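Coordinate analysis (summary)
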2 protein chains.
Amino acid sequence: MRPAVVLLSGGLDSATVLAIAQDRGFSCHCLTVDYGQRHQIELEAARRVARFLEAKSQRFVKVDLRAIGGSALTDDIAVPRDRDVEGGEVPVTYVPARNAIMLSILLGLAEVVRAVDLFIGANAVDYSGYPDCRPAFLRAFERMAETATVAGAEHGLPFTVHAPLIDLSKAEIIRRGVDLGLDYGLTWSCYDPTPRGLACGRCDSCQIRRRGFREAGVSDPTPYDS
Amino acid sequence: MRPAVVLLSGGLDSATVLAIAQDRGFSCHCLTVDYGQRHQIELEAARRVARFLEAKSQRFVKVDLRAIGGSALTDDIAVPRDRDVEGGEVPVTYVPARNAIMLSILLGLAEVVRAVDLFIGANAVDYSGYPDCRPAFLRAFERMAETATVAGAEHGLPFTVHAPLIDLSKAEIIRRGVDLGLDYGLTWSCYDPTPRGLACGRCDSCQIRRRGFREAGVSDPTPYDS
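Adjacent strands of a sheet pair through backbone hydrogen bonds, lying either parallel or antiparallel. All names here are of chain A. On the basis of which strands lie adjacent, the open sheet formed by 5 strands has the order β3-β2-β1-β4-β5 and parallel pairing. Edge strands, defined here as strands with exactly one partner in the open sheet, are β3 (57-62) and β5 (160-162). Mean inter-strand twist for the sheet, computed between neighbouring axes without regard to direction, equals 25°. Inspection of the sheet shows strand β1 (residues 3-7) paired to strand β4 (residues 117-119) by 2 bridges, in the parallel sense. For V5, the partnering residue across the bridge sits in β4 and is L118.

Structure follows, in C-alpha cells:
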C-alpha cells in the first residue's frame with residue numbers, strides 16, 4: 001500500500017477525505033494541527049475519527065498562530081453569528097495563510113514517511129471567500145513542494161495535493177461519507193461551542209453543516225444549542 | 001516606511017539579513033520560530049538581535065516539529081561532528097520542509113501587518129545540500145504566496161522573498177554585517193552547545209562560522225568549547 005499524508009482537523013470535510021483516501025487504497029498518516037483555534041473540541045474529534053477509520057498513524061503538531069492573530073479563530077475577534085454565508089467576501093474567521101502553513105507541515109511529514117500524496121479537505125464551494133481553498137493555490141503549492149524537498153528536488157518525484165471535495169456541495173460530501181460508512185457523530189464543525197460543549201448552531205460552520213445534512217436528507221447527529 | 005517581515009533565528013545569517021532590510025529602509029516585523037530545535041539558546045540570541053537592531057516588532061511562534069521528527073535538530077539523531085561540510089549531500093540536520101513551514105508562517109504575519117516583502121537568510125553556498133535554500137524554491141514560494149493570500153489573490157499584489165545572502169560566502173556575509181555595525185557577539189550558530197553554554201566548535205554550523213570569520217579577517221566573538 002502506498003503511503004499518503006492526510007490533514008485531519010476533526011471536522012466533517014477532512015474526516016470524509018480520510019475515508020476517501022483509505023477507500024483509494026492509501027496507507028494514511030494523519031496530521032492534526034493545533035493552531036490555537038478556539039474550538040479545541042475539534043482535536044478530540046480528530047482523534048476519534050482517526051481511530052474509527054483505522055488510520056496508519058496520527059501526529060499532533062502545535063503551531064501557536066495566536067502569536068500572529070488576525071482572525072476570529074485565533075484572536076480576540078468575535079465569531080460572527082447568523083452571517084450571510086453566501087456573501088462571498090473574506091470572513092473574519094479566515095486565518096492568514098492557514099492552509100499554506102498546514103500543508104507545509106504536512107509536506108514535512110510526507111518527507112519523513114516517504115509519501116508524495118497529500119490529502120486536504122479544501123472546498124471551493126462553501127469557502128469561496130478563502131483564497132487558500134482554491135485550485136490555483138493547490139497547484140502552486142505542488143510546484144513549491146517539488147522545489148522544497150529532497151524527494152522533489154533531488155529525486156525528481158512529483159507531489160500531488162489531492163482535494164477530493166474541492167467541487168462538492170456539503171450535501172454531496174455528506175452522502176459520499178455515508179456511502180463509505182463514516183459516522184458523522186464523531187466529527188465536529190462549530191467555531192464557537194458553548195461551555196457545555198454544544199454546537200452554537202449559528203456560526204458560519206454550523207449554518208453550512210446544518211444545511212448540508214438537510215439537503216442530503218441525512219439526519220444530523222450534532223448536539224446544537226439553538 | 002514600507003513594512004517587511006523578517007525571519008530571525010538568532011544565527012549569524014538572519015541577523016545580517018535584518019540589518020540589510022533595515023538599511024534598505026523597511027520597517028521590520030520579525031518572526032522567530034521555535035520549532036523544537038535543540039539549540040534553544042538561539043531564541044535568546046534572536047531577542048538580543050531584534051532589540052539591538054531596533055526592529056519594529058518581534059513575534060515568537062512555537063511549532064513543535066519534534067512531533068514529525070526526521071532530523072538531528074528535532075529528533076533523537078546525533079548531531080554530526082567534524083563532518084566534511086563540502087560533501088554536498090543532504091545532511092541529517094536537514095529539517096524536512098523547514099523553510100516552507102517557516103516562510104508560510106512568515107506569510108501569515110505578512111498578511112496581518114500588510115507587508116508583501118519577506119526576508120530570509122537562505123544561503124545556497126554553505127547549505128548547498130538543503131533544497132529549500134535554493135533560488136528555485138524561493139521563486140516557487142512567491143508564486144504560491146500570491147495564490148494563498150487575500151493580498152495576492154484578491155488584490156493582485158506580488159510577494160517578494162528577499163534572500164540577500166543567497167550567493168554570498170560566510171566571509172562576505174560577515175563583512176557586510178560588520179559594515180552595517182552588527183555585533184556578531186549577539187548571534188548564535190552552534191547546533192549542539194555544551195551544558196555550560198559553549199559552542200561545540202565541531203558541528204557543521206560551528207565549522208562554517210569559524211572558517212567565515214577566519215576568511216573575513218574578523219575576530220570571532222564566539223565562546224567555543226574546543
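Continuing now.
Attention shifts here to the interface of chain B and chain A. At the interface, 38 residues of chain B touch 38 residues of chain A. For the side of chain B that touches chain A, the secondary-structure elements that each account for two or more residues are β3 (57-62), α3 (98-113), α4 (135-148) and α5 (150-153) of chain B. No other element matches α3(B), which puts 10 residues into the side of chain B that touches chain A.

For the rest of this paragraph, the subject is the relation of the copies chain B and chain A. Of the two same-sequence chains, chain B is brought onto chain A (RMSD 0.0 Å, axial shift 0.0 Å) by a rotation of 180°. As the rotation angle and translation indicate, the two copies are arranged about a two-fold axis. Looking at the rotation axis and the C-alpha trace of chain B, the residue lying nearest is B:V63, at 2.2 Å. Here 100% of the contact residues of chain B are again contact residues in chain A; the copies associate through an equivalent surface.

Let's shift gears to the environment of A:R134. All names here are of chain A. As for its position among the elements, R134 is in the loop between β4 and α4 (135-148). On the neighbour-count criterion, R134 (21 C-beta atoms within 10 Å) is buried. Remark: the alpha-carbon pair of R134 and S27, spanning 107 residues in sequence, is separated by 26 Å.

Below, the discussion takes up helix α1 (residues 12-23) of chain A. Residue and element names in this part refer to chain A. Compared with an ideal rise of 1.5 Å per residue, which puts 12 residues at 16 Å, α1 spans 17 Å between its outermost C-alpha atoms and is within 8% of the ideal. Counted residue by residue, α1 has 10 buried out of 12 residues, so it is predominantly covered. Those residues of α1 that are buried are in contact with β1, β2 (27-34), α2 (41-52), β4, α6 (170-179) and α7 (204-216).

This part is about the confidence of the model for chain A. Predicted confidence across chain A gives a mean pLDDT of 88, with 86% of residues reaching 70 or more. Scored as a whole, the predicted complex attains pTM 0.88, and scored at its interfaces, ipTM 0.86.

Turning to the sheet that holds β3(B), a few remarks are in order. Residue and element names in this part refer to chain B. Taken together, 5 strands build an open sheet; the order of strands is β3-β2-β1-β4-β5 and the sheet is parallel. Either end of the sheet is taken by a strand with one partner, and the two such strands are β3 and β5 (160-162). Direction aside, neighbouring strands of the sheet carry axes that sit 25° apart on average. As paired elements, strand β4 (residues 117-119) and β5 share 3 bridges and run parallel to each other. Bridge pairing links L118 to V161 in β5. Contacts from helix α1 (residues 12-23) reach β1 (3-7), β2 (27-34) and β4 within the one sheet, and its direction differs from that of β1 by about 170°.

Moving on, we come to the packing of α1(A) against α6(A). Residue and element names in this part refer to chain A. Where α1 contacts α6, the axes come no closer than 10 Å and their chain directions differ by 45°. The orientation of α1 relative to α6 falls into the category oblique. Where α1 crosses over α6, the handedness of that crossing is left-handed. Here α1 contributes L12, D13, A15, T16 and A19 to the contact with α6, which in turn contributes I173, R176 and G177. Class assignment of the residues belonging to the contact of α1 with α6 gives a composition of 4 nonpolar, 2 polar and 2 charged.

What counts, and where the lines are drawn
Residues numbered from 1 in each chain as written. Chains lettered and ligands numbered in written order. Predicted model: local features only at pLDDT ≥ 70, side-chain atom pairs only at ≥ 80, totals over all residues. Pairing = 2+ DSSP bridges. Helix = DSSP H or I, 4+ residues; strand = E, 2+ residues; numbered from the N terminus. Axes fitted to C-alpha atoms, helices over the stretch in contact; angles between N-to-C directions. Contact = placed C-beta atoms within 7 Å. Least-squares fit on C-alpha atoms with pLDDT ≥ 70 in both. Buried ≥ 20, exposed ≤ 12 C-beta atoms within 10 Å, placed from the backbone. Expected span 1.5 Å × (residues − 1). pLDDT = per-residue confidence, 0-100. Parallel < 35°, antiparallel > 145°, perpendicular 65-115°, else oblique. Left-handed = near helix turned anticlockwise from the far one by under 90°. Nonpolar A, V, L, I, M, F, W, Y, C, P; charged D, E, K, R; others polar.

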